[in-house]
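# Structural features, examined
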Amino acid sequence: MKINLMKMLFAVLIIISVAFASDEHKIISPDGRIMLSFSLREGVPYYEVIYGDEKIIAPSSLGFKFKNQSELSNFSCIDFVTNKFSEVWKPVWGQNKNILNEYNELTFTLEEKVPPSRIIKLIVRVYNDGVAFKYHFNEQKGNNYFEITDEQTYFNFAGNFSAWWIPNDYDSEEYTYRNTNLDKMMGVHTPVTLQTKKGTCVVIHEAELKKYSSMTLERNRSLPNSFQSVLVPWPDGIRVKQTAPFDTPWRVIIITPNAEKLISSNIIINLNPQPADKNFDWIKPGKYVGVWWAMHLNKNSWVTGPKHGATTENVKRYIDFASKNNFDAVLAEGWNKGWEMWGKGNGAFSYTECYPDFDLKELSKYAKSKNISLIGHHETGGDYLNYEKQLDAALKFYKDNGVNIVKTGYAGPIRPDGYHYGQKMIDHYNHVMEKAYEYKIMLDVHEPIKSTGLCRTYPNLMTGEGVRGMEWNAWSVGNPPEHVTVLPFTRGISGPMDYTPGIFDLKYDQYKKDEFVKSTLANQLALYVVLYSPFQMAADLIENYKDNPAFEFIKNVPTDWDTTIALNAVIGDYVVIAREKNGAWYIGAVSDENRREVKIKFDFLEPGNYLMKSYSDGKDAHYISNPYPVIIKEEKISANQEYLIHLAPGGGFACKIGKIN
Ligand code: NOJ
Ligand code: CA
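Just so you know, these numbers come straight off a predicted model, no measurement behind them.

Scoring rules and cut-offs
- Residues numbered from 1 in each chain as written.
- Chains lettered and ligands numbered in written order.
- Predicted model: local features only at pLDDT ≥ 70, side-chain atom pairs only at ≥ 80, totals over all residues.
- Heavy atoms only, no water.
- Pairing = 2+ DSSP bridges.
- Helix = DSSP H or I, 4+ residues; strand = E, 2+ residues; numbered from the N terminus.
- Donors = N, O, S within 2.8 Å, 3.2 Å for Na, K, Ca; no water.
- Buried < 20%, exposed > 50% of the residue type's maximum accessible area, 1.4 Å probe, protein only.
- Salt bridge = Lys/Arg side-chain N within 4 Å of Asp/Glu carboxyl O.
- Domains from an automatic or database assignment.
- Buried area = accessible area lost by both parts, 1.4 Å probe.
- Polar contact = N/O pair within 3.5 Å; in protein donor to acceptor, adjacent residues only side chain to side chain.
- Nonpolar A, V, L, I, M, F, W, Y, C, P; charged D, E, K, R; others polar.

### A closer look at the sheet that holds strand β11 (residues 154-156)
- Ordered by their spatial adjacency, four strands build an open sheet running β11-β18-β17-β14, and the pairing between neighbours is antiparallel. At either margin of the open sheet sits one strand with a lone partner, and together these are β11 and β14 (188-189).
- Relative to strand β17 (residues 215-219), β14 is paired through two bridges, and the arrangement is antiparallel. Following the sheet pairing, V188 is matched in β17 by L217.

### Let's talk about the coordination of the calcium ion (ligand 2)
- Around the calcium ion (ligand 2), the protein contributes the donor atoms E174 (OE), E174 (OE), E447 (OE), E465 (OE), E465 (OE) and E471 (OE), at 2.3 to 3.2 Å from the metal centre.
- Of note, the calcium ion (ligand 2) draws all its donor residues from one chain, in the sequence arrangement E-x272-E-x17-E-x5-E. Remark: E447 occurs in the loop between β26 (442-445) and β27 (461-464) and E174 occurs in the loop between β12 (162-165) and β13 (178-181); sequence separation between them is 273 residues.
- On the basis of relative accessibility, which here comes to 14%, the residue E447 falls in the buried class.

### Overview of the pattern of salt bridges
- Using the criterion set out here, one finds 28 salt bridges in the structure.
- Notably, a salt bridge pairs D562 with K581, separated by 3.3 Å at the nearest N-O pair. Taken together, the residues D562 in the loop between α13 (551-556) and β29 (563-570) and K581 in strand β30 (residues 574-581) connect sequence positions 19 residues apart.
- Given the relative accessible area of 13%, D562 is considered buried.
- Sharing partners across several salt bridges, the network here consists of E151, E206, R251 and K450.

### Considerations on the pairing of strand β9 (residues 130-137)
- Taken across its eight residues, β9 has eight buried, putting it largely inside the fold.
- The sheet contact formed by strand β8 (residues 119-127) and β9 spans eight bridges and is antiparallel. By the bridge assignment for β9, V126 is matched with V131.
- Between β8 and β9, which pair antiparallel and follow one another directly, the connecting turn spans two residues.
- The pairing of β9 with strand β21 (residues 250-256) spans four bridges and is classified as antiparallel. Along β21, the bridge assignment pairs G130 with I254.
- Of the strand pairs in this sheet, β9 and strand β20 (residues 246-247) are connected by two bridges, and their pairing is antiparallel. Counterpart to H136 in the pairing with β20 is D247.

### Overview of the domain arrangement of the protein chain
- Split into domains, the protein chain comes out as domain 1 (3-270), domain 2 (286-558) and domain 3 (578-659).
- Centre-to-centre separation of domain 1 and domain 2, based on C-alpha positions: 34 Å.
- Of the roughly 3,800 Å² buried between domain 1 and domain 2 on both sides combined, carbon and sulfur atoms contribute 63%.
- Of all residues in domain 1, W93, E173 and E174 give up the largest surface area on contact with domain 2, accounting jointly for 22% of the area buried on that side.
- At the junction of domain 1 with domain 2, the criterion picks out two salt bridges.
- Across the salt bridge formed by R456 and E87, the nearest N and O atoms sit 3.1 Å from each other.
- Our count for the domain 1 to domain 2 interface comes out at 23 residue pairs in polar contact (both at pLDDT 80 or more).
- If you list the elements that add at least two residues to the side of domain 1 that touches domain 2, you get β6 (75-89), β16 (201-207), β19 (240-243), α2 (259-262) and α3 (267-270).
- Its residues assigned to classes, the side of domain 1 that touches domain 2 comprises 24 nonpolar, 13 polar and 11 charged.

Dropping the structure here:
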């Protein structure tokens, strides 16, 4: 009885939609902690976000400017509809077996009080882990074609928060993150991650990016800590060309009490619709090795010739290794004609003609006999039109040869014009995703458009790059140790990441004198748990795994999880993540350039005794001077004990925990 009364009271409180003179409406998260208020001030929509007693977003206005029409103005709210939603759904693959999707929603219909009397809807959702809103352009009485020159979604942050950001280069996200306060932040890509003095974490990102261009943020100089959405333009300067009715992507503000809880946020995938189909037998997460790192080290070449990597013989060697070591797939790059023209002209790549020393038919037969999948490769070099022209033939060619996973790539300027993250390319990336879905082909997209949760609807979109990954260590100053302590809270929030960890020969002096991976070997192991991807590569040359007992961890670690939790983290310093699959737990921890000890509690385990096999930095391990020592140890632990993890500079810790009784 008491409970029912409480419930009723709560239901009334959830959506307090009081129409004040200013048309103010408040919408509260299911747990009551986040509140978004919406109001119209002189016909301009405003929103504000409060988390507990902390203001996150001060009143911020929303609007649009167009090339072919006047800007939106003078709105009145002609209708609003409230909605509550709660479901638990199971992803085809993911970081958690069950995902709670629960929110309160308000849809406002706004009409201009003066001609052209355009009507839009603003759909607002408040979850326990953040807020999201999108604009719906109704079919209008007049002109339905919109050329958006400026989406004016403002984010007036309520303080000079700490921020982790990369610049909004319209062609690349392959940067290390800078950490400054908001007053020093430049134009940035999303996700961008902020932290308040209290430790509250805030991530700005977008979800369900379709038929639109990518959102970046830029400073609004007229107010402190104020940023505005800036959409990546077409070559003619227009940001988005659309015909109503249409929806914009969701503008998302993730809010969690601390960094650890960010790892548990599911709002980005929750904002995407579930797939139309039910049967996804053809989609399987897994681990792969491949003819890849050898090219980045200059040991092999993509181009056919004396150093050619993707030869039938060499790929067979990789298939043998994969089959012996519990891997699922083998990647072969540089198999098709055109690499000699990479970056030099249009129409270079053929996606249906192999180099003469690469026999796809033979290899697919061989791989099948060993129960290994071949991962195909489509590098476009940015020449996306050439790829589109061949897309059907290219996917069919692979499908006919038993290849059901393809890595794509866009390394090079978009030709003939445009940016990687402009509307035309968003359409392209989504077109390839949909086509691959039709062919039942899984994708790993390099130089992709950022993840916005489309993988919920298209679970064949397995993973992607969009990150300064391992390859940078082969041919640049590389990635500082701090990088992997930032990624789970920034790039990682958007979706799976093909970082390609697992380099064991961290110095590779034989191939490159100056470059090296800034990590200890134990750190490389930990990355399989710390950085999430349903496809993970063991990226090193296979000969470098021979006889190394630490390889056992990579062989066994799953890539699809039932439970994921972050145990302890300071963004940019260290992070400890625990994941569980079928009752077995795996922990990964990484440190920045500093040595440190991190205390964790095993209280996430069910009561009982467990056997833990751990891989930690050995004596005097150091990412520059001594990256190789690893201590492999088996010990008994119990669910209620604490444990001290020792991390070397650039170090790591990885373990597997199984129940004894
Ligand atoms: C860049 C990709 O990130 C990398 O994985 C690939 O090997 C090269 N492009 C060549 O396609
Ligand atoms: Ca790349």
